[in-house]
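# Fold and contact review
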Amino acid sequence: MFSVKTFKAIKEVFLECLVHHKIYRTNPFLGYMHMCFGLGWFLLIIMGKIESTVYHTTAFNPPYFAIFFRFFHPANETFPYSNVFAFLMDLILLFILSGLLLAFTKRIYSKALGLKKTTNHRPFDLLILTVLWLIFPLRFLAESFTSGIRGGGSFLTHTAGDFFSRFLPLDTLSYPAWWAYSSVLGLFFILLPFSRYMHIPTEIVYIFLKNWGVKQGKEFNAFSNIQLYSCSRCGICIDRCQLNTSLGMQDTQPVYFLKKIRHHRDYSVQTENCLMCGRCEAACPVDLKLNALRLSKRQDRTRITKDTYSYIQPGPNGESKVAYFAGCMGHLTPSVIRSMQYLFKQAHVDYTFIDEQKGICCGRPLLLSGNRSAATVIMEKNKAAIEASGATLLVTSCPICYKTFKEDYQLNIPVMHHSEYIHMLIKNRHLSPRQAEYTTVFHNPCELGRGANVYTAPESVLKAVSHKIAIRYDSKNSLCCGGSLANIHITAPQRTTIATDTVNAYAAYNPDYIVTACPLCKKTFTKKSSAIPIKDIAEIVAENC
């Protein structure tokens, strides 16, 4: 608690809970709307407390006095900086009301705030949403009516009070307006623990725990529940999900998955129907670990034993410095393997191909399906083969294998994806590829980019061997190929639809080649006809060495 991590957490609370910095990156109007409620209400409370403290000359005044200061404070009583406080309180109230106007616009026409789809709410959610929307207009009316009778206020409430006094019986309406404001304010806090607005206090707790090092484990636990209640249901994940944009599925996104868990409804379909591509997680303004949360709800069903893979025996101890693991999908795209073998030869690398003749899956598909016990058996077998190789570095062509070896195997040697390894070979001048004249766009695989945070190496390699075009789908915005091993719900034609949409999105930039760094992605893309060839990054480098 007494470390730099605490200051980082405080900074993140300010940026994300009040300013909503990440939502601004999705759409400035959407970010401004959320900031009006978060920062605006916070400033209203703080400024109100300062104002009441200056008036009372003590901080120990009743809490309600700051909230209803305009009710208790007669306008003819002046105190230091009273006009300044009145101006600032009116300015903050106007700030919040402008956000309310945008929120109303979002409900009617969400595209104006950068959202094609918004979250579907249950009746109870609509009730508390209405209560929230009424708080500040009723405060505005109560303060304006009081100003119209007794004076006071500033540019907003004083002007409005003068206006209303011309045609409304403010003596009769003022007191009921304060009662209405007080009632909806109290009702909001009564309903808050049972609504999506519970994210307001819970998100702060989550940010501190996350910064202090608490992580989401394999099981759904107390920290998972904190994340569950930290979801604000902003709906940003809906537009990011390709199951929605390509297939029209609008009930399986994290906002609905977490909602069903929270309200104890059947979520079995939502558990399985996910590409685990991480696009939603990368866009989540709360930084919830959405993939891990969904995996924690997948049941461990498959039962296998060590005897299941008894035919796989570790090879004799080797002396090669590099162990190369092609993986299942690597063997199904042999052109990638041939390219890597060629590059190893060109760079004079001493390597051993540990799954050339006999090999089994890395275990990632079983992990993605929730079958952790079965995956453990496989991982023990592979780990024995890797250790028997005597290598000091493991290189894999498959991002799926790469992520699993790096995160789940606890190997005592470093692991590199072949894009990272090629980048290292070029940087150390073991490879000297020429830059071709053709143009390329890069499709960063989900497991490599968002999954393992590998962005720089493949980008640098592609720029070294081609004229790479910068596109909107670079980095964390990369699209999923649709061939995800994590989804056991969608059909083969539906996968093809996603792949088609993805290829078309990249082809819109008219490159000579669409380049990826995953055998599965390449295989998925090539199942649909495309006028633009699909290449793996290893193939592109091999062709130019």
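Here is a short report on the structure shown in this document. From a predicted model like this one, the values you see are computed outputs, not experimental measurements.

## Concerning the packing of aromatic side chains
- Inspection of every chain in the model, using the stated rule, returns 38 aromatic pairs.
- Here F87 and F155 contribute two aromatic rings whose centre-to-centre distance is 5.3 Å and whose plane-to-plane angle is 50°, an arrangement assigned as tilted. One end of the pair, F87, is in helix 6 (residues 82–108); the other, F155, is in the loop between helix 7 (123–150) and helix 8 (157–164), and 68 residues separate them in sequence.
- Looking at F155, the relative accessible area reads 33%, which means it is partly exposed.
- Between F257 and Y267, the ring centres sit 6.1 Å apart and the planes meet at 85°, which makes this aromatic pair edge-to-face. Here F257, found in helix 14 (residues 254–262), pairs with Y267, found in the loop between helix 14 and helix 15 (268–272); they are 10 residues apart in sequence, far enough to count as distant.
- For F257, a relative accessible area of 2% corresponds to the buried category.
- Through successive ring pairs, a cluster of aromatic residues spans Y55, Y64, F65, F68, F69, F71, F72, F79, F85, Y175, W178 and Y181.

## Here we look at the sheet that holds strand 8 (residues 534–536)
- Spatially, the four strands line up as an open sheet ordered 6-5-7-8, and their pairing is parallel. The two strands at the open ends of the sheet, each matched to only one other strand, are strand 6 (467–468) and strand 8.
- The sheet contact formed by strand 7 (residues 513–516) and strand 8 spans three bridges and is parallel. Across the sheet, I514 pairs through a bridge with I534, a residue of strand 8.
- Helix 26 (residues 519–526) contacts strand 5 (439–443), strand 7 and strand 8 of the sheet and is inclined by roughly 170° relative to strand 8.

## Let's talk about the pattern of salt bridges
- One pass over the structure, following the stated rule, counts 16 salt bridges.
- A salt bridge links R233 to D125, with the nearest nitrogen and oxygen atoms 3.0 Å apart. Of the two residues, R233 is situated in the loop between helix 11 (222–230) and helix 12 (236–240) and D125 in helix 7; the sequence distance between them amounts to 108 residues. Note on accessibility: R233 and D125 belong to one class, buried.
- With a closest N to O distance of 3.3 Å, D287 and K289 form a salt bridge.
- If you follow the salt bridges from partner to partner, you end up with E12, K210, D287 and K289 in one network.

## Section: the packing of helix 19 (residues 334–346) against helix 23 (residues 418–427)
- It is the contact of helix 19 with helix 23, at a shortest axis distance of 12 Å, that shows an interaxial angle of 25°. By the angle class used here, helix 19 and helix 23 are roughly parallel. Handedness of the helix 19/helix 23 crossing: left-handed. Residue-level inspection shows V336, M340, L343 and F344 of helix 19 in contact with helix 23, the latter providing H418, Y421 and I422.
- Residue classes in the contact of helix 19 with helix 23 are distributed as six nonpolar, one polar and no charged.

Scoring rules and cut-offs
Residues numbered from 1 in each chain as written. Predicted model: local features only at pLDDT ≥ 70, side-chain atom pairs only at ≥ 80, totals over all residues. Heavy atoms only, no water. Phe/Tyr/Trp six-rings, centres within 6.5 Å; stacked < 30°, edge-to-face > 60°. Helix = DSSP H or I, 4+ residues; strand = E, 2+ residues; numbered from the N terminus. Buried < 20%, exposed > 50% of the residue type's maximum accessible area, 1.4 Å probe, protein only. Pairing = 2+ DSSP bridges. Contact = heavy atoms within 4.5 Å. Axes fitted to C-alpha atoms, helices over the stretch in contact; angles between N-to-C directions. Salt bridge = Lys/Arg side-chain N within 4 Å of Asp/Glu carboxyl O. Parallel < 35°, antiparallel > 145°, perpendicular 65-115°, else oblique. Left-handed = near helix turned anticlockwise from the far one by under 90°. Nonpolar A, V, L, I, M, F, W, Y, C, P; charged D, E, K, R; others polar.

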